[in-house]
Amino acid sequence: MSARVGYTASDAVPNYPANDVMDGKKVMQIRKDEEAKSVTFFDFKGLMAPVFTCFNDDERKTINISYINRYAKWLKSQNIDGVLVNGITGEGPSLGLLERKVNAECWWRAASENSLMMMLQIGGGALPDVLEMGCYAEQLGVHSVCCLPEIFYKPRTIDQLIAYCKVVAKTCPSRPFFYHHIPRITNVNSTGMLLGFGAFESSFLNIHPVLFCDIYAAMLNNEVEQAKNKQIALNAIVNRKFPKADDFPYISGQKSWFSELNGQKLKIYVGPARIHAGKSEAAKKKD
């Protein structure tokens, strides 16, 4: 079975010129053997980075796929075990359907080449798009799928949430399916590893992966005090960068921080955040 993303004039979601999204030479064809389609168990332990989506610094914040493989190689070199693609940190809900597919396929290839586990976030959009992404995740054969709930018409009961997840999960029946729970919205928050979880995900894995690896290793060795001290050190770094919590520009701030620490050194340009789309930095300087 094969899965392919092609960009044609009829694909107008959004209506970008082809060269704004991907070079025709980079159109990929990923072939998965039949054994991959039978995977029904997801036993992931380790560190999973919710990756940034790279955008060009133009007015429309067009997607840029050229840094994905370099980004994946760097994460692997930092002992990161997996990636979450098109999540909140990756501004997935702001992507059009075609952009989601392009980003998913390019990351799937990079993850496969660099031995990274990949979880694909498919929710947070219009239901037809979410169902289409579920089918696409099944077609690609990604390691697992997670799904945000409806963001505007939010489920008001557990039954509504379960019903929604069931509808979506049916589109990718052979992929392990997870609901994407976000504590800062639900106000349910706890230290996951102290509760026994063997996997950990944080957007700051993109910025300070070594410190996170130290925390994770300490917890695996039951060195709780050492892990707490490392966590305090990490919190201090974040607080120095963003002294007032209300001033923390969630995605744009983290992308800027990533560029400051790693952009020049690694030659990975994640670009601005689309959520603050408008004039490019170059245009602002001209003004």
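Data block above holds the structure.
Residues numbered from 1 in each chain as written. Predicted model: local features only at pLDDT ≥ 70, side-chain atom pairs only at ≥ 80, totals over all residues. Heavy atoms only, no water.

(A) Layout of the overall build of the protein chain. Assigned secondary structure in the protein chain consists of 10 helices and eight strands. When contacts within the protein chain are restricted to residue pairs at least 6 apart in sequence, long-range pairs at least 24 apart make up 77% of them. Carbon and sulfur atoms make up 54% of the accessible area of the protein chain, which amounts to about 15,000 Å² in all. (Helix = DSSP H or I, 4+ residues; strand = E, 2+ residues; numbered from the N terminus. Contact = heavy atoms within 4.5 Å. Areas by Shrake-Rupley, 256 points an atom, 1.4 Å probe, with all protein chains shown as cover.)

(B) Representation of the pattern of salt bridges. For the coordinates displayed, the defined rule picks out five salt bridges. Across the salt bridge formed by E99 and R274, the nearest N and O atoms sit 2.8 Å from each other. One end of the pair, E99, is in helix α3 (residues 97–113); the other, R274, is in the loop between α9 (250–266) and α10 (281–286), with 175 residues separating them in the sequence. Accessibility classification places E99 together with R274 in one group, the buried group. (Salt bridge = Lys/Arg side-chain N within 4 Å of Asp/Glu carboxyl O. Buried < 20%, exposed > 50% of the residue type's maximum accessible area, 1.4 Å probe, protein only.)

(C) Layout of the packing of aromatic side chains. This model, assessed by the stated rule, comprises five aromatic pairs. Residues Y71 and F258 carry aromatic rings whose centres are separated by 5.6 Å and whose planes lie at 45° to one another, so their mutual orientation is tilted. Here Y71, found in helix α2 (residues 68–77), pairs with F258, found in helix α9; they are 187 residues apart in sequence, far enough to count as distant. Exposure remark for Y71: the relative accessible area of 0% places this residue in the buried category. By relative accessible area, F258 is classed as buried at 0%. Taken together, the aromatic side chains of F52, Y71, W74, W107 and F258 make up a single cluster linked through ring pairs. (Phe/Tyr/Trp six-rings, centres within 6.5 Å; stacked < 30°, edge-to-face > 60°.)

(D) A look at unusual backbone geometry. The phi torsion at N86 lies on the positive side, around 65°, for a residue other than glycine. Mapped onto the secondary structure, N86 falls in the loop between β4 (82–85) and α3. Even without being a glycine, S115 presents a positive backbone phi close to 55°. Inspection of the secondary structure assignment puts S115 in the loop between α3 and β5 (117–121).

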